Amino acid sequence: MAERILITGGARRLGLALARAMLAAGHRVAVHTRMTRPPADLGAVVLQGDLDDPSVPARVVGEAHARLGGLSVLVNNAARFEPDRIGTLDAASFDAHMATNLRAPLLAIQAFAAALGEDGTGLAVNIVDQKIRHPGAGYLSYTLSKIALEGAVRTLAAALAPRLRIAAIAPGIVYESTGMKPGRLETLGERLPLRRAVRPEEVAAALTYLIETPSVTGETLFVDSGEALRARSVILGAS
Ligand SMILES: NC(=O)c1ccc[n+]([C@@H]2O[C@H](COP(=O)([O-])OP(=O)(O)OC[C@H]3O[C@@H](n4cnc5c(N)ncnc54)[C@H](OP(=O)(O)O)[C@@H]3O)[C@@H](O)[C@H]2O)c1
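We now turn to the structure provided with this report.

Calculation criteria
- Residues numbered from 1 in each chain as written.
- Predicted model: local features only at pLDDT ≥ 70, side-chain atom pairs only at ≥ 80, totals over all residues.
- Heavy atoms only, no water.
- Near = heavy atom within 4 Å.
- Polar contact = N/O pair within 3.5 Å; in protein donor to acceptor, adjacent residues only side chain to side chain.
- Areas by Shrake-Rupley, 256 points an atom, 1.4 Å probe, with all protein chains shown as cover.
- Helix = DSSP H or I, 4+ residues; strand = E, 2+ residues; numbered from the N terminus.
- Buried < 20%, exposed > 50% of the residue type's maximum accessible area, 1.4 Å probe, protein only.
- Pairing = 2+ DSSP bridges.
- Axes fitted to C-alpha atoms, helices over the stretch in contact; angles between N-to-C directions.
- Contact = heavy atoms within 4.5 Å.

What to know about the site of the ligand
Next up, step 1: Neighbouring the ligand are 27 residues, the closest being Arg-13, Met-35, Thr-36, Asn-77 and Tyr-142.
Next up, step 2: The contact in question runs from an oxygen atom of the ligand to an N or O atom on the side chain of Thr-33, over 3.1 Å.
Next up, step 3: The contact in question runs from an oxygen atom of the ligand to an N or O atom on the backbone of Val-174, over 2.8 Å.
Next up, step 4: When the free accessible area of the ligand is taken as 900 Å², the share hidden by the protein chains comes to 92%.
Next up, step 5: Looking at the shell around the ligand, the elements with two or more residues in it are α1 (13-24), β2 (28-33) and α4 (140-160).

If you want it as structure tokens, here you go:
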């Protein structure tokens, strides 16, 4: 069945890969973006907004609903990812990570649930991070925001059943981080239990599984080559 899917942060990297995979599977897709222009030939509805503005998540969900003729899947993929640790933590950075990575997805889910009406059903998927299982000292605000977002999955799954299913996908290393040296992604991948970085299409396969399995809710799928099985200090060679 063709789904109507909204992907936040869907104009580049993982969000774009998810959008392409969902379009290739015959679904109708809206990608939300803040600044990045998606490829002109993507074939998706494009919606714009800064999710740090608390009015934007509901507005984007409403626009996706209107432009797609309904909404059945919400993918909360957009995220802020900036390094900090307890020694450098400041209130502005902490609040910004919570606004983008926790508050915005929750407000989007709230709007999605409201838009479903009495009889509608849907699925919301939060893209989190395998770091939630072995948090290192760096990326403190980011990791805490993702731990909270993952923590919301079971709470919301219980609260919103049977109309809305809630799940999370926790990817491992998929793309280079800013400033990463060429080849570093492959090196890190070789240190993982499964000796490989994660391919974007494998995260898309997890999303497809969640879409196609209506008895699953409240679950987090780790797609991480086993990274969460090991302390990050072992993989990175530092904390
Ligand atoms: N990359 C990895 O290896 C990896 C590993 C584990 C988990 N993840 C998770 O997977 C997801 C995608 O990762 P990625 O590396 O593809 O992300 P990315 O390249 O950093 O892109 C993040 C997206 O979020 C959007 N965004 C950020 N702040 C926003 C805001 N305030 N309002 C609206 N949009 C905002 C950006 O929009 P603009 O470009 O328009 O600014 C961008 O499209 C994230 O949730 C990330 O935590 C990624």
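Now that the structure is up, let's keep going.
Here's the deal with the pairing of strand β3 (residues 45-48)
Next up, step 1: Where burial is concerned, the two faces of β3 differ: the one with Val-45 and Leu-47 is buried and the one with Val-46 and Gln-48 is not.
Next up, step 2: Bridge count for β2 against β3 is 4 bridges, and the pairing is parallel. When the bridges of β3 are listed, His-32 appears paired with Leu-47.

Structural notes on unusual backbone geometry
Next up, step 1: Following Ala-161, the chain continues to Pro-162 via a peptide bond in cis, the omega torsion being 5°.
Next up, step 2: When you line up the elements, Pro-162 lands in the loop between α4 and β6 (164-171).
Next up, step 3: The residue Arg-13 is not glycine, and still its phi comes out positive at about 45°.
Next up, step 4: Structurally, Arg-13 can be placed in helix α1.
Next up, step 5: Exposure remark for Arg-13: the relative accessible area of 42% places this residue in the partly exposed category.
Next up, step 6: Here the phi dihedral of Ser-225 falls at roughly 55°; this positive angle occurs in a residue that is not glycine.
Next up, step 7: Take Ser-225: it is sitting in the loop between β7 (220-223) and α7 (232-236).

Details of the sheet that holds strand β1 (residues 4-7)
Next up, step 1: On the basis of which strands lie adjacent, the open sheet formed by 7 strands has the order β3-β2-β1-β4-β5-β6-β7 and parallel pairing. Strands with a single pairing partner mark the edges of an open sheet, and in this sheet they are β3 and β7. The sheet shows a mean angle of 20° between the axes of neighbouring strands, taken without regard to direction.
Next up, step 2: Inspection of the sheet shows β6 paired to β7 by 4 bridges, in the parallel sense. Its bridge partner being in β7, Ala-170 is matched across the sheet by Phe-222.
Next up, step 3: Against the sheet, helix α2 (residues 56-68) engages β1, β2 and β3, with an angle of about 160° to β3.
Next up, step 4: Contacts from helix α6 (residues 200-212) reach β1, β4 (73-76), β5 (122-127), β6 and β7 within the one sheet, and its direction differs from that of β6 by about 160°.

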